[in-house]
Amino acid sequence: MPFSLQTIDGSFKGKDIISIDQFSSEDIEIIFNKIHAMKALVINKEPSTLLQGYVIALIFYEPSSRTFGSFSSAAKRLGAATIEYLNPQQNSSVAKGESLEDTMQTLQSYAEIIVMRHYESGAAIKAAGAASVPLINAGDGGNAHPTSTLLDLYTIYERFQRLTNLTVVISGDIVHSRTIKSLIQGLSLYKENKVYLLSPKELRLEKSDFERFTKNGIELIEIFDEKDIPKDANVWYWNRIQKERFPSIQEAEKYKGKFILTEKLLTEYGNNDLIILDPLPRVGEIELAIDNDPRSLYLKAQIRNSLYVRMALLALVLGKAK
Ligand code: NCD
């Protein structure tokens, strides 16, 4: 039987987390409702036994700082142990030619959840089909990064106390960015959101994705010039050029320096209530001077929330969240 994704439908227990397609706004609220307790554990440095006895496997075929670190920290803060493979292409039997399916069937004997990042679009669903334990997609190629969206949405919600009726400007390498595509899907679960997509024409969303995302009723407006940035936006979301997804470095270099978030741009098109997000790493797309602006949350709330959201998610998938 071909493997198909399960919707969350109010219950996370035992389910793979592969795509925002699986979620409703109510499902996302279930995660948000757990954040307060997770935050308290971290802030008070309370030892937790919630996931004691469990092992979480982290296998990252692509580099990562925050996603890897926050999942690993989340597991440990809840009392679970981890086994961690960074760069399995060198550090595991993948180097000897082991298939993704066989690697997953190995990890399922050691761990109750597999968190996987992979360079190939579609690898997460393939791995989930092979593994008997839940698989959490920590990013698959240029396709999807659902847990990044969960923390992005929470960071927006924390500031505005709503996820409806928002104007969001998203800038970067839209065609290749999995965080951007998943975020558009996330915002489309809520009513009356308007998303401006700012990119060079060559890096705009693929037509099929544009159609797929707008089917849910979200308004997507493509802009190719900074002067079309609306001045009343609630959120600016910047993401780097995804150089590893281009056929060559030279191709990627062509877009270096395009649509940089500078103090000048912020003064001209920003407003006082705006928040500025970036899933990071930042490689020049936001000027360092913006870090001191209270509207910038990428080095603050967005990173902290990545830990709380992933703690809540691990607990929910293991059926242990109270
Ligand atoms: C993002 C990713 O891996 O897609 N990083 C992350 O998870 N924090 C964004 C990026 O690499 O540009």
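Just so it is clear, the structure is predicted and the values come from calculations on it, not from any experiment.

Looking only at helices and strands, one finds 11 helices and 9 strands in the protein. Computed over its C-alpha atoms, the radius of gyration of the protein comes to 19 Å, within 12% of the 20 Å expected for a compact globule of 322 residues. Taken across its 322 residues, the protein has 55% of its residues classed as buried. Long-range contacts, defined here as pairs at least 24 residues apart, represent 72% of the contacts in the protein between residues at least 6 apart. Accessible surface computed for the protein: about 14200 Å², of which carbon and sulfur atoms make up 48%.

Turning next to the domain arrangement of the protein. If you check the domain split of the protein, you get domain 1 (20–145 + 303–317) and domain 2 (147–302). Relative placement of domain 1 and domain 2: their C-alpha centres are 24 Å apart. Contacts between the two partners involve 32 residues from domain 1, matched on the other side by 32 residues from domain 2. Taking both sides of the interface into account, the surface hidden between domain 1 and domain 2 amounts to around 2500 Å²; carbon and sulfur atoms contribute 57%. The interface formed by domain 1 and domain 2 holds 3 salt bridges in total. Of the charged contacts, one joins Glu62 and Arg178 as a salt bridge, the two residues approaching to 3.0 Å between their closest N and O atoms. The interface formed by domain 1 and domain 2 includes 20 residue pairs in polar contact (both at pLDDT 80 or more). Among the elements that take part in the side of domain 1 that touches domain 2, helix H11 (residues 301–317) stands out by supplying 7 residues, more than any other. For the side of domain 1 that touches domain 2, the class distribution of residues is 13 nonpolar, 11 polar and 8 charged.

Taken N-terminus to C-terminus, the directions of helix H1 (residues 25–43) and helix H6 (residues 146–160) make an angle of 75°; their axes are 11 Å apart at the nearest point. Judged by the inter-axis angle, H1 sits roughly perpendicular to H6. Of the residues in H6, those in contact with Ile28, Ile31, Phe32, Ile35 and Lys39 of H1 are Leu150, Leu153, Tyr154, Tyr157 and Glu158. Of the residues belonging to the contact of H1 with H6, the class tally is 8 nonpolar, no polar and 2 charged.

Strand order in this open sheet of 5 strands is S7-S6-S5-S8-S9, and the pairing throughout is parallel. Edge strands, defined here as strands with exactly one partner in the open sheet, are strand S7 (219–223) and strand S9 (275–277). Strand-to-strand twist across the sheet, computed as the mean angle between neighbouring axes with direction ignored, equals 20°. Across 5 bridges, the pairing between strand S6 (residues 194–198) and S7 is parallel. Pairing of Lys194 across the sheet is with Glu219, part of S7.

Procedures and definitions
Residues numbered from 1 in each chain as written. Predicted model: local features only at pLDDT ≥ 70, side-chain atom pairs only at ≥ 80, totals over all residues. Heavy atoms only, no water. Helix = DSSP H or I, 4+ residues; strand = E, 2+ residues; numbered from the N terminus. Rg over C-alpha atoms; globule rule 2.2 N^0.38 Å. Buried < 20%, exposed > 50% of the residue type's maximum accessible area, 1.4 Å probe, protein only. Contact = heavy atoms within 4.5 Å. Areas by Shrake-Rupley, 256 points an atom, 1.4 Å probe, with all protein chains shown as cover. Domains from an automatic or database assignment. Buried area = accessible area lost by both parts, 1.4 Å probe. Salt bridge = Lys/Arg side-chain N within 4 Å of Asp/Glu carboxyl O. Polar contact = N/O pair within 3.5 Å; in protein donor to acceptor, adjacent residues only side chain to side chain. Nonpolar A, V, L, I, M, F, W, Y, C, P; charged D, E, K, R; others polar. Axes fitted to C-alpha atoms, helices over the stretch in contact; angles between N-to-C directions. Parallel < 35°, antiparallel > 145°, perpendicular 65-115°, else oblique. Pairing = 2+ DSSP bridges.

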